Structures are given as structure tokens and as C-alpha cells.
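# Secondary and tertiary structure notes
What follows is the residue order along each chain.
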Amino acid sequence: MTKVLRLDGVSRRFGDRQVLDEVSFDVAEGRMTGFVGANGAGKTTSMRIIMGVLAPDGGEVTWQGARLTRADRRRIGYMPEERGLYPKMSLRDQLDYLGRLHGLGRDAVRRNAEHLIEWLGLGERAGDPVENLSLGNQQRAQIAAALIHDPDILVLDEPFSGLDPIAVDTVVDVLRDRTRRGVPVLFSSHQLDVVERLCDDLVIIAGGRIRAAGSRASLRADHTLPRYALTVDGDAGWLRDEPGVRLIDLDGAHAVFDLAPDADDQRVLAAALARGPVRAFGPVTPSLAEIFREVAQ
Amino acid sequence: MNTYEAVRIVAAREIRVKLRDKAFLFGTLFFLLFAVAGTALPPLLAGGPSSVAVVGQAPAALTAAGLDVRPVADEAAARAQVRAGDVDAALLTDGTLVAMTDAPGDVENALSTRPTVELLDPSALDPVLSFLVPLFFAVVFFFTSLTFGLQIAQSVTEEKQTRVVEILVASVPVRVLLTGKVLAGAVLAMGQIALIAIVALAGMRIAGTGSELVSALTPAIGWFLPFFVVGFVMLAALWAAVGALVNRQEDINAASMPVQLAVMLPFFAVMMLGDNPTAMKVLSYVPFSSPSAMPVRLFHGDAAAWEPFAALGVLVVGAVVTLAVGARIYEGSLLRTNGRTSMAAAWRDREARRLAELDAQQV
């Protein structure tokens, strides 16, 4: 059985508000899966159901084909939303505590802790109370807390929020190291540029329903319009009269246009070349933000 | 990892954090100094035997009482020494005892003939002790259940406020957390009390306090311990529950008002109704007041031999019920993160039970 964490038709309501409606998606072995949605879309509720902090009204969460048990959950590294650790405890003590609660022996905890502390560059501060660390270092400490028991799965709620770019890179390195070892990683974020850069797979949720899910490349292919951009030397206004072309944007020498299904992009290029030099021509791939805006409506 | 181990890990953290907490350490130190000061110091401060200047032959009674006897030539010299403060008193030839503001008690006692005393009810105790002993039991139970209880609530709220609790419940059941916290509080409270008791007893020994008092206190203290432990655990479960109701440390005070009353009202009742036998009898069976009221009745010899067993039984039943209620409120509110949870909402919350049912289905 491949190492897949799967949500299968998970529903949940709070009072008369349906927060999750038949939510299904996979987090596959060795893949970084970005979980994207507006505030209140259901990301945190989904993660809390995975972690056994909330119960689903219907559906189930499975791991390697069987329903996720408490023993499995102990093997998940979890970072809750709006996180924090014990403010007055040192990072080293917290890692020791959390590692032991996750079932690790004293020596294994110590080894993992020293490794993580060094990797995350927290060596000098590991004995200080966490509340005395800078915000960025507190975030790194939180990552260390999620990884202390060498988890088989990672579930991270907004792991990049509030991180400076250098800290983002550090965290990404740490997560990539885990995916290389086959760990499935699910992370939520509202920073679409970060998700775009990092994720292998993408899950888009809106209003408690999954709107799109799949690999980043396939999502992009699915949502790529027959849209092209052209830059010429003269004025590109002639495109207006070209058959099959619907002009989206025209700015002197630069134009963006959609092609009708039966139209041929090469014919348009040839027409442009016939009028003079062409500086740039190609399909326009949508950014994640654009895909998100389109599917989340 | 089994449940027992998980509870131990949780309790060990609570204890370790507390033992590093300066406020806790200073508080304990303060109590210890208080115990030393209360038992060992008064006899030491009272100073040695009085000195007395004697004109002529000193009566044998004075030397027999171990007083500092100083022979002087005449009455004038004796008066001069008293006035100068060289001696505490002077005994003249006519039997007059001269002193400055009042006569030293030990000299007076040595010189008076006292009647032979025969007590018909020898257990009747010193009125000062009759006041102090109930105070001791009530104060110890009151202060420890209040301070340690509040700390349990704060520790629960801290985990909720920082969301550490979500990481914790993902790996251990909610009841393990509750058990660990209550256990740690009980261990710390018992440890603190035992330390104070040892210091107080050592202080009494140093000061040479009569063994009659120590033996009169023994059964009361012996019974106080089980009553204290059960009573403490009962209240601790309630403190943990109110800690779970709120999201911020600032709100603990308001949310814990019912529990504070459950600690304070019995305290004042025992303090004020101490000499009303009927009231004390009732109080010694009511779970919240029995930990302080029953030892007092035992100390006074007012309770029949079977009564502490019955009262302890009532207390155990009360503790079991309270633990169940406290655990349900704790479970029902611990993971509700939007603002303060009302007791009723926590009571009705089904989340924990549904999660437990899901867990059970898998086995």
C-alpha cells in the first residue's frame, strides 16, 4: 500500500453552518500538498479532523488504506494554527516533553532535538524560555516541535505565515528533506506565491467544498485558456480584425488575446511576422492566484 | 506508550515546571519560615530563667526552680540592682518581691504554694489550642486547595491559549492530560504540606513542646491526610474544568468564581462555627468542608470511632461525582477555541465522546 493520507467524503457542521461538505483529497507519499482557501473555507477544520481534535459528521480519514487510528496520529507531525509553545519552557525541554508524549525514548528524543536545533540554527537559544525568542525563532521552534518524533506524515497549518524570506527557505529545506524520505506533507497557506513555488500537489477549498485538486502541472494545464501574448515592433492593433482572435488587452506594441477553438496560433504568428519583427509570442500560463480566483468563485 | 506512562510524563512536566517557578519556591520557603517561627522561636525568645537578688538566706525553692539567684547585702542594694536592670526582681527579708513593672512569672511561681490539681476530664484542652488547631487544619486545606487549584487552572488555560493542547490531544487522550495535571497538583501539595509538617514537628522538638500536645494531634493529623488528598483531588478536577472554559489567563478569575466559593464558604463556616457541635457535625460530613471539619472534631474527641470512616466515604463519593462532572466539562471545553465557553455548553458538548467512539470502533 502506498503511503497516502486520504480524506474520503468528510463532512462537518457547526450548529447550522456546514463547514465541510463531502471533502475528499489525497496527500501522497513524498509530495508537498498545498492546501489553499480563503479564511473560513474549511482548511483548519479539515486539519483538525485529520488530527482527531474534531470528529467528522460523516466520511473518514485513512492512512495506507485503513482508517487513521490514534497510534497513527501519534506518528503525525502537527503544527496548529495561531500556534505557540509553552512560553516559559525552554525549547529543549518542550522538545523533550513532546517527543516523549509521542512515544519516543529519552535518548532518541535527545538525539532528534540536538539535530533539529542545529539544523534550524537555534543552538544558542535552545535553553532560553521560548517567550524570549524572536518571532522568527519561535516559528522555527514550532517546526522543531512538529518534527521532534520523526513523523511519518506532516500536517502544518499556515507554517509560513509571519516568516521572513530566509526563514521560509530554512523551513522549505527541512520539509523537502522529509518529502525526499517519502513523508507526505500537507500544508495550508494563503500566501499563493509561496504555495506556487513549493507544492507538488494542490488542493483548493472554498465554502467547505473541494473546488480543485491534483498536481500543480495538471491543474495549470486544466485551467490554461487558449490565451496568447504578442509583442511586436509596431502597433498590434491589426489583431482586432484577425479572424478567431478576441483581444483582451492592447497596449501599443503589446497585446494579449484569446483564440477561438478552431483558430491556429501559428497562423496568427505568421500574420504578425508578415507585418514586421516579432519580439515575443507565446501562450499565457495562469498564475496560481488566477486559477484560485477562477475556481474559488 | 500506555496510559500510565503518558500520565506520568504529563505529571512530571507539571512538577518540573513548578519546581523551577520562583513564586512557588518562595511561597514554600515562606511557609517553612513561618512553621519554624511558629514552633521553635517563642520559647527561645522568652529568654533564660529570671535573675533575682536575695537579701539574706535564699529559699531553696528559688534555686530548685533553676533561677539565677544573687545574694545582696541589704534591701537598698537589692532595690538599686532592680532599678538598674541588673536583676529582674529582688526578694526582701520580709518576703516582699520587688520588681520594676511586673513580677517575673517564674519567680512568682517558685515562691507560691500551689494546690494539687485533679482533673476530672483530662482530655479538656488548653483554650488557646482549641482555637489554634481548627485554624491550622482549615487554613492548610484552604490555602493549598486555592493556590494549587488556581495553578492547575492556569496551566490548563496556558495550554489552551497557546494551542499546545491541540498537539497534545493528537497524541494522548484528553483524560490523560487531566489526570496528569490533577496528580501533579496533589503530589506537589502533599509534598509541601509534608515538608511543613516535618519542619513544624522538628521545631516543636527543638523548643521542647510537651509530648501531650503532639500525641493529641497525631490522630487528627493522621485522619487529615486522607481527607486532604481526596478533598484536594475533588477540587482539582473542578479547577481544571474552569481552566478549560476560558481562553485567556485574565478570564480565569471570573470563570472560577463557583470553585472559589466552594473553597471559601466551607473555610469560613469551619472557622466561625467551630464551637457549635451540631454545625460542626454537619460540616464534618459535607464533602467540601469535611477535610477541615472532621479532623477538628477528632482532635476535640467529639467524633465516634466510626464517624471519620463514614465521612471519608461520603467524601470519596463526592469526589467521584465531582471528578466525573469536572472531566466532562474539561473535555467539553478544552478544544473550543472561540471565546469563553459556558458551563452548560461544555456539559452538552459531544465532541470528546464522538472522538472516543471513533477510536473505539477501530479496535
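No experiment lies behind these values; they were computed from the predicted model shown. (Residues numbered from 1 in each chain as written. Chains lettered and ligands numbered in written order. Predicted model: local features only at pLDDT ≥ 70, side-chain atom pairs only at ≥ 80, totals over all residues.)

### With respect to the overall build of chain A
A tally of helices and strands in chain A yields 10 helices and 14 strands. With the principal axes as the frame, chain A shows a C-alpha extent of 75 × 45 × 35 Å. Classification of the 297 residues of chain A by burial places 42% in the buried group. The contacts in chain A between residues at least 6 apart in sequence include a share of 68% that link residues at least 24 apart. (Helix = DSSP H or I, 4+ residues; strand = E, 2+ residues; numbered from the N terminus. Buried ≥ 20, exposed ≤ 12 C-beta atoms within 10 Å, placed from the backbone. Contact = placed C-beta atoms within 7 Å.)

### Description of the overall build of chain B
A count of helical and extended segments in chain B gives 17 helices and four strands. Counting across all 363 residues of chain B, residues that qualify as buried make up 39%. Within chain B, contacts between residues at least 6 apart in sequence are counted, and of these 68% link residues at least 24 apart.

### Examining the sheet that holds strand β2 (residues 68-72) of chain B
Residue and element names in this part refer to chain B. Read across the open sheet, the four strands follow the order β2-β1-β3-β4; overall the sheet is mixed. Each edge of the sheet is formed by a strand with only one pairing partner; in this case those strands are β2 and β4 (97-99). On average, each strand axis in the sheet is inclined to that of its neighbour by 25°, with strand direction left out of account. As judged from the three bridges shared by strand β1 (residues 51-55) and strand β3 (residues 89-91), these two strands associate in the parallel manner. Counterpart to Val-54 in the pairing with β3 is Leu-91. (Pairing = 2+ DSSP bridges. Axes fitted to C-alpha atoms, helices over the stretch in contact; angles between N-to-C directions.)

### Quick word on the pairing of strand β8 (residues 185-189) of chain A
Residue and element names in this part refer to chain A. Burial of β8 is extensive: five of the five residues sit out of reach of the surface. Residues Val-185, Phe-187 and Ser-189 line one face of β8 and the alternating positions Leu-186 and Ser-188 line the opposite face, and both faces are buried. Of the strand pairs in this sheet, strand β7 (residues 153-156) and β8 are connected by three bridges, and their pairing is parallel. Counted as the bridge partner of Leu-156 is Phe-187 from β8. This β-α-β element, β7 to helix α6 (residues 165-180) to β8, shows right-handed connectivity. (Right-handed = clockwise from strand over helix to strand, strands pointing away.)

### Let's talk about the domain arrangement of chain B
What the domain assignment lists for chain B is domain 1 (3-39 + 126-362) and domain 2 (48-119). In this structure, domain 1 of chain B and domain 2 of chain B have C-alpha centres spaced 54 Å apart. (Domains from an automatic or database assignment.)

### Details of unusual backbone geometry
Residue and element names in this part refer to chain A. At Glu-22, a position not held by glycine, the phi torsion is positive, near 50°. When you line up the elements, Glu-22 lands in strand β2 (residues 17-27). The class for Glu-22 is partly exposed, based on 15 C-beta atoms found within 10 Å. In this model, Gln-64 sits at a positive phi of 55°, which is unusual for a non-glycine residue. Residue placement: Gln-64 occurs in the loop between β4 (58-63) and β5 (66-67). Exposure remark for Gln-64: the 14 C-beta atoms within 10 Å place this residue in the partly exposed category.

### Section: helix α10 (residues 288-295) of chain A
Owing to its 3.6 residues per turn, the α-helix aligns residues three or four sequence positions apart on the same side. Residue and element names in this part refer to chain A. Of all the positions in α10, only Leu-288, Ile-291 and Phe-292 are classed as buried. Down the axis of α10, the buried side of the element spans an arc of 100°, and every buried residue falls inside it. Looking at the buried positions of α10, the neighbouring elements they touch are β3 (32-36), α7 (192-198), β9 (201-206) and α8 (216-223). (Arc of directions from axis to C-beta.)

### Some words on the nonpolar core
With 152 residues, the main nonpolar core has Ala-144 and Val-155 of chain A together with Ala-236 and Ala-240 of chain B as its most contacted residues. For this core, the element with the highest residue contribution is helix α10 (residues 211-245) of chain B, accounting for 20 residues. Those residues in contact with Ala-240 of chain B, other than ones at most four positions away along the chain, are Ile-152, Ala-153, Val-156, Leu-178, Lys-181, Val-182, Gly-326 and Tyr-330 of chain B. With 13 residues, the next largest nonpolar core counts Leu-62, Ala-78, Ala-89 and Val-107 of chain B among its residues. (Core = buried A, V, L, I, M, F, W, Y, C linked by C-beta atoms within 7 Å.)

### Some remarks on the pairing of strand β12 (residues 245-251) of chain A
Residue and element names in this part refer to chain A. Pairing geometry for β12 and strand β13 (residues 254-259), over six bridges, is antiparallel. The residue bridging Leu-247 from the neighbouring strand is Phe-257, located in β13. The turn linking β12 back onto β13 is made up of two residues, and Gly-252 within it adopts a positive phi angle of 65°.

### A closer look at the confidence of the model for chain A
Chain-level statistics for chain A give a pLDDT mean of 89 and a share of 99% at 70 or above. Ranking the elements of chain A by mean pLDDT puts α10 of chain A last with 83 and β7 of chain A first with 95. (pLDDT = per-residue confidence, 0-100.)

### Side note on the sheet that holds β4 of chain A
Residues and elements named next belong to chain A. Judged by pairing direction, the sheet is antiparallel, and its four strands sit side by side in the order β2-β1-β4-β5 without closing on themselves. Edge positions in the sheet fall to β2 and β5, since each of these pairs with one other strand and no more. Lying on the sheet, helix α1 (residues 43-50) is in contact with β1 (5-14), β2 and β4; it crosses β1 at an angle near 115°.

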